[in-house]
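# Understanding the architecture of this molecule
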Amino acid sequence: MPITRLAPEERLSGAVIGGGLIWLAGQVADDVTLDAEGQTTDILKQIDALLAEAGTDKRALLSVTIILADIRDAPAMNRAWDRWLDRAHKPARMTIEAALVDPAWKVEITGVALAP
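Here's what I pulled together on the structure shown here. Computed from a predicted structure; not experimentally measured.

What counts and what doesn't
- Residues numbered from 1 in each chain as written.
- Predicted model: local features only at pLDDT ≥ 70, side-chain atom pairs only at ≥ 80, totals over all residues.
- Heavy atoms only, no water.
- Helix = DSSP H or I, 4+ residues; strand = E, 2+ residues; numbered from the N terminus.
- Buried < 20%, exposed > 50% of the residue type's maximum accessible area, 1.4 Å probe, protein only.
- Contact = heavy atoms within 4.5 Å.
- Areas by Shrake-Rupley, 256 points an atom, 1.4 Å probe, with all protein chains shown as cover.
- Lys, Arg positive; Asp, Glu negative; His and termini not counted.
- Charge placed at Lys NZ, Arg CZ, Asp CG, Glu CD.
- Pairing = 2+ DSSP bridges.
- Axes fitted to C-alpha atoms, helices over the stretch in contact; angles between N-to-C directions.
- Salt bridge = Lys/Arg side-chain N within 4 Å of Asp/Glu carboxyl O.

### Points about the overall build of the protein
- Helices and strands together make up the secondary structure of the protein, namely two helices and six strands.
- Going from the N terminus to the C terminus, the protein shows its helices and strands as β-β-β-α-β-α-β-β.
- Considered along the principal axes of its C-alpha atoms, the protein spans approximately 40 × 35 × 20 Å.
- Within the protein, buried positions represent 41% of all 116 residues.
- In the protein, of all internal contacts separated by at least 6 residues, the share reaching a separation of at least 24 is 69%.
- Of the accessible surface of the protein, which amounts to about 6,400 Å², a share of 55% is contributed by carbon and sulfur atoms.
- Taking the average location of the 12 positive side-chain charges in the protein and that of its 17 negative ones, the two points are 6 Å from each other.

### Quick look at the sheet that holds strand S6 (residues 107–114)
- Pairing in this open sheet of six strands is mixed, and the strands run S1-S2-S3-S6-S4-S5 from one edge to the other. Edge positions in the sheet fall to strand S1 (4–8) and strand S5 (92–97), since each has one partner strand and no second. Strand-to-strand, the axes of this sheet are offset by a mean angle of 10°, without reference to chain direction.
- Bridge count between strand S3 (residues 21–28) and S6: six bridges; the pairing is antiparallel. Bridge pairing in S6 places leucine 24 opposite glycine 111.
- Strands in contact with helix H2 (residues 74–84) are strand S4 (61–68) and S5; relative to S4, the strand with the most contacts, it is inclined by about 155°.

### Focus: the side chain of serine 13
- Structurally, the position occupied by serine 13 is in strand S2 (residues 13–18).
- Those residues in contact with serine 13, other than ones at most four positions away along the chain, are Arg5, Leu6, Ala7, Pro8 and Ala25.

### Considering the pattern of salt bridges
- Summed over the entire model, instances satisfying the criterion amount to five salt bridges.
- Note that arginine 79 and glutamate 37 form a salt bridge whose closest N and O atoms lie 2.9 Å from each other. Pair noted here: arginine 79 is in helix H2 and glutamate 37 is in helix H1 (residues 36–53), with a separation of 42 residues, a long-range link.
- Where salt bridges share partners, they join Glu37, Arg79 and Arg83 into one cluster.

Written as structure tokens, this is what we have:
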């Protein structure tokens with residue numbers, strides 16, 4: 001079974017395609033000076049780009065996990081999420097609070113999508 005790795009970095013790939021699924025690495029904002037809403041918007045654009053590179057889009061998302069450094073940022077994150085979400089194709093979603101590796105990160109998002 002072939003495996004395709006997208007957006008390789010030093011320690012990880014941005015996404016891995018295998019077994020009919022696209023596995024997204026935890027995506028964080030490129031601009032860490034943004035607030036939680038801005039970081040979420042930045043991350044969702046990255047997810048759109050990775051899914052496009054894989055030949056699909058957000059409608060193929062099956063599951064998404066959102067990690068917030070501070071759960072009080074949930075309303076700000078949800079504002080960005082609600083603007084981005086395709087209401088006809090909502091993935092399963094979980095949001096949790098956890099310490100992130102870089103203290104400037106407010107949001108990290110990962111997910112799994114159906115490969116085309």
